[in-house]
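# Descriptive analysis of the structure
The lines below spell out each chain.
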Amino acid sequence: MFIGHYAVGLAAKRLESGLSLPALLAAPQVLDLLWPIFVLSGVERVEVAPGDTAFTPLHFVSYPWSHSLVMSIVWGFAFGAIVRVRGASLRGAGIVAALVVSHWVLDVASHRADLPLWPGGGPILGLGLWRSVPATLVVEIAMYAAGVALYARATRSKDRTGTWAFVALVAFLFVAYIANVLGPPPPSAMAVAASALALWLIPLWAMWIERHREVRT
Ligand SMILES: [Zn+2]
């Protein structure tokens, strides 16, 4: 799942209006922000295997440090603590931690069985929405549309930048998602991981938007 994760973060603005857009977009993607670092450093492994599921050519061979349930809870506590120290309410920090763990839950829905519960063996989970491209697109695009609408209704732009920087981010994520679906398989596992590092730009983009939007009262 890709834009579905961002959808959950955007929707959470309604739950706690004090949470900033960078936190809301980083939290549900913490696992995917960490994953390329673990892959590039050789701690986790992915292979390019077209047909692994209909939706993705990626075979997630091993990713227990970024993508196990236990570690997602650890990362959730860590990220929740960071936003708490930086001034978020306790409730806001709890929501951020839950957003981090939501990534694992949504990945279980999407991936075929490849998500561990904890590092070092044990059962692996995955319900396999990705076996169907149309079903994946319907679910994820519906989630994304709802998330964007909820965030847009919870906030308003202070100036034109607040409108266009937000619209551009929404469009960019959608186009990147569709290009990923339609494009050829990536040349190598390392190329996948290297390009996934670009996800770090999304919270930075969100910092820019945050300065130009405010909570609707
Ligand atoms: Zn993931």
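Our subject is the structure that appears above.
Here we summarise the structure given alongside this text. (Residues numbered from 1 in each chain as written. Predicted model: local features only at pLDDT ≥ 70, side-chain atom pairs only at ≥ 80, totals over all residues. Heavy atoms only, no water.)

### Structural notes on the coordination of the zinc ion
How we decide: Only nitrogen, oxygen and sulfur atoms qualify as donors, and only when within 2.8 Å of the metal (3.2 Å in the case of Na, K and Ca); with water excluded, sites may look incomplete. Working rule for geometry: tetrahedral if four donors all subtend angles between 85 and 135 degrees; square planar for four, octahedral for six, if opposite donors exceed 155 degrees and the others stay between 65 and 115; irregular in every other situation. Strands are runs of DSSP state E lasting at least 2 residues, helices are runs of H or I lasting at least 4, and numbering of each runs from the N terminus. The buried label applies to any residue whose accessible area, calculated with a 1.4 Å probe on protein chains only, is under 20% of its type's maximum; exposed applies above 50%, and partly exposed to all values in between.
Coordination of the zinc ion by the protein comes from D32 (OD), H67 (NE2), H103 (NE2) and D107 (OD), over a distance range of 2.1 to 2.3 Å. What the 4 donor atoms of the zinc ion show is an angle range of 83 to 170 degrees at the metal, which sorts the shape as irregular. On the primary sequence, the residues serving as donors to the zinc ion are separated as D-x34-H-x35-H-x3-D. Of the two residues, H67 sits in helix α4 (residues 64-67) while H103 sits in helix α6 (residues 90-110), which places them 36 residues apart along the sequence. Here H67 falls in the buried class, since its relative accessible area comes to 2%. Under the relative-accessibility criterion, H103 is labelled buried at 0%.

### Focus: helix α5 (residues 69-85)
Note the threshold: One fewer than the residue count of a helix, multiplied by 1.5 Å, yields its expected span. Two residues form a contact once any of their heavy atoms are found within 4.5 Å.
Its 17 residues place the ends of α5 24 Å apart at the C-alpha level, agreeing with the 24 Å of an ideal helix rising 1.5 Å per residue. All of the buried residues in α5 are M71, S72, G76, F79, G80 and V83. Residues of α5 that are buried make contact with α2 (21-26), α3 (30-40), α4 and α6.

### Things to note about the nonpolar core
Put simply, the test is: Among buried residues, the Ala, Val, Leu, Ile, Met, Phe, Trp, Tyr and Cys ones that are joined through side-chain atoms within 4.5 Å form a nonpolar core.
Ranked by size, the top nonpolar core spans 54 residues in total, and within it L25, W35 and L173 carry the most contacts. Among all residues touching L173, those that are not within four sequence positions of it are F2, I3, Y6, Y144 and I202.

### Topic: the packing of helix α1 (residues 3-11) against α6
Rules: For helices, the fitted line uses only the C-alpha atoms of the stretch in contact; every axis is such a line through C-alpha atoms, and the angle between N-to-C directions lies from 0 to 180 degrees. The handedness criterion is simple: a crossing whose near helix is rotated anticlockwise from the far helix by less than a right angle is left-handed, and one whose near helix is rotated clockwise is right-handed.
Remark: α1 packs on α6, axes separated minimally by 10 Å, with the N-to-C direction vectors making an angle of 145 degrees. In this structure, α1 meets α6 at a crossing whose hand is right-handed. Contact residues: G4, H5, V8 and G9 in α1; L99, S102, H103, L106 and D107 in α6.

### Some details on the pattern of salt bridges
The following threshold applies: Salt-bridge detection follows one rule: a side-chain nitrogen of Lys or Arg within 4 Å of a carboxyl oxygen of Asp or Glu.
Per the counting criterion, the structure on display carries 4 salt bridges. The salt bridge involving R91 is made with E16; its shortest N-O contact spans 2.9 Å. Taken together, the residues span a long stretch of sequence, with R91 in helix α6 and E16 in the loop between α1 and α2 at a distance of 75 residues. R112 is paired through a salt bridge with D52; the nearest N and O atoms lie 2.9 Å apart. Taken together, the residues span a long stretch of sequence, with R112 in the loop between α6 and β3 (115-116) and D52 in the loop between β1 (45-48) and β2 (58-62) at a distance of 60 residues. Looking at D52, the relative accessible area reads 22%, which means it is partly exposed.

### Thoughts on the layout of surface pockets
Cut-off, in case you're wondering: Detection works on a 1 Å grid of protein atoms alone, calling trapped sets that fit a 1.4 Å probe cavities and calling open sets with protein on both sides within 12 Å along at least five of seven lines pockets, with lining residues defined by an atom within 4 Å of a point. Grid points are joined across faces, edges and corners, and a volume is the space filled by probe spheres set on the points. Here the term charged refers only to Asp, Glu, Lys and Arg, the term nonpolar to Ala, Val, Leu, Ile, Met, Phe, Trp, Tyr, Cys and Pro, and the term polar to all other amino acids, Gly among them.
A volume near 1000 Å³ is recorded for the largest pocket. Of all the elements, helix α8 (residues 160-182) adds the most residues to the lining of the largest pocket, at 7 residues. Class assignment for the residues of the lining of the largest pocket results in 25 nonpolar, 8 polar and 3 charged. Estimated volume of the second largest pocket: approximately 500 Å³. If you go around the second largest pocket, you meet 19 residues; those closest to its centre are P22, A23, F79, V83 and R86. Counting only elements with at least two residues in the lining of the second largest pocket, the list comes to α2, α3, α5 and α10 (201-210).

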